[in-house]
Amino acid sequence: METKLSSDVLPYEFLKDIHRMERLRSVSTRRGPVTPQRRVCAFLTNSPVDFEGRTIHVQLQLSARVLQTGHLVQYNLTKPNGLPTSPTTLWKQYPPFRLAGCYPLQWIDLLNDVSEVEPRIGETRRWLSYRLLLVEIGASSH
């Protein structure tokens, strides 16, 4: 059974995390500033909506591809039916932004065995193994 809901918030927030990590240069601590050696964003899911990039908003899709420098992260200007997306529902809470670096998106199938997981009573969905998306934000991506 396929997932019917399209989660737009999770891909948006993951891309927003990349955007935040691009700007992270140091972290203040009691002992002074700490400069991170590596900056990595991770997304773990077993939902095909996420790893197959089925969200209806093209700029938010996390399917295997390369996000080029300057990638604009925003919700579609129109809905699938051609009507405009309401600016009062999306643009205030999820403003558009651009990524500074170039990032390959490649999901890693963790091949975990979930065949013996008992579904809840009345549940018929097929259990999928988890997939992991790791994106490293580094000097080479700027």
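Structure: see above.
Residues numbered from 1 in each chain as written. Predicted model: local features only at pLDDT ≥ 70, side-chain atom pairs only at ≥ 80, totals over all residues. Heavy atoms only, no water.

Chemist: Teacher, can you tell me more about the sheet that holds strand β9 (residues 131-137) here?
Modeler: Note: strands within a sheet are paired through backbone hydrogen bonds, in either parallel or antiparallel orientation. With respect to topology, three strands assemble into an open sheet ordered β3-β9-β8, the strand pairing being antiparallel. One side of each edge strand has no neighbouring strand; the edge strands of this open sheet are β3 (39-45) and β8 (107-109). The sheet shows a mean angle of 25° between the axes of neighbouring strands, direction not considered. Pairing of β8 with β9 involves three bridges; the strand directions are antiparallel. The partner of Ile 108 across the bridge, within β9, is Leu 132. Sitting on the sheet, helix α1 (residues 9-23) touches β3 and β9, and the angle it makes with β3 is about 170°. (Pairing = 2+ DSSP bridges. Helix = DSSP H or I, 4+ residues; strand = E, 2+ residues; numbered from the N terminus. Axes fitted to C-alpha atoms, helices over the stretch in contact; angles between N-to-C directions. Contact = heavy atoms within 4.5 Å.)

Chemist: I keep staring at the pattern of salt bridges and nothing clicks. Help me out?
Modeler: Any two side chains of opposite charge can pair, on the condition that their charged atoms come close. What the rule picks out here adds up to five salt bridges. Here Asp 17 makes a salt bridge to Arg 20, at a shortest N to O gap of 2.7 Å. Residue Asp 17 and its partner Arg 20 are located together in helix α1, separated by three residues, close to a single helical turn. Given a relative accessible area of 33%, Asp 17 falls into the partly exposed group. Here Arg 20 falls in the partly exposed class, since its relative accessible area comes to 37%. We note a salt bridge from Asp 109 to Arg 131, for which the minimum N-O separation is 3.5 Å. Placement of Asp 109 in strand β8 and of Arg 131 in strand β9 is noted, with a sequence separation of 22 residues between them. Residue classification places Asp 109 among the partly exposed positions, given a relative accessible area of 30%. Here the residues in one salt-bridge network are Glu 13, Asp 17 and Arg 20, joined through shared partners. (Salt bridge = Lys/Arg side-chain N within 4 Å of Asp/Glu carboxyl O. Buried < 20%, exposed > 50% of the residue type's maximum accessible area, 1.4 Å probe, protein only.)

Chemist: Would you explain the environment of His 19 in this entry?
Modeler: Looking at where His 19 falls in the secondary structure, it is placed in helix α1. Counting along the chain gives 80 residues from His 19 to Leu 99, while the straight-line C-alpha distance between them is 5.8 Å. If sequence neighbours within four positions are ignored, His 19 has contacts with Phe 97, Arg 98 and Leu 99.

Chemist: Looking at this structure, how should I read the pairing of β3?
Modeler: Two faces belong to every sheet, and in a regular strand the side chains alternate between them. Alternating residues of β3 divide into Arg 39, Cys 41, Phe 43 and Thr 45, all buried, and Val 40, Ala 42 and Leu 44, none buried. Judged from the seven bridges that link them, β3 and β9 form a sheet pairing that is antiparallel. Bridged to Leu 44 within β9 is Leu 132.

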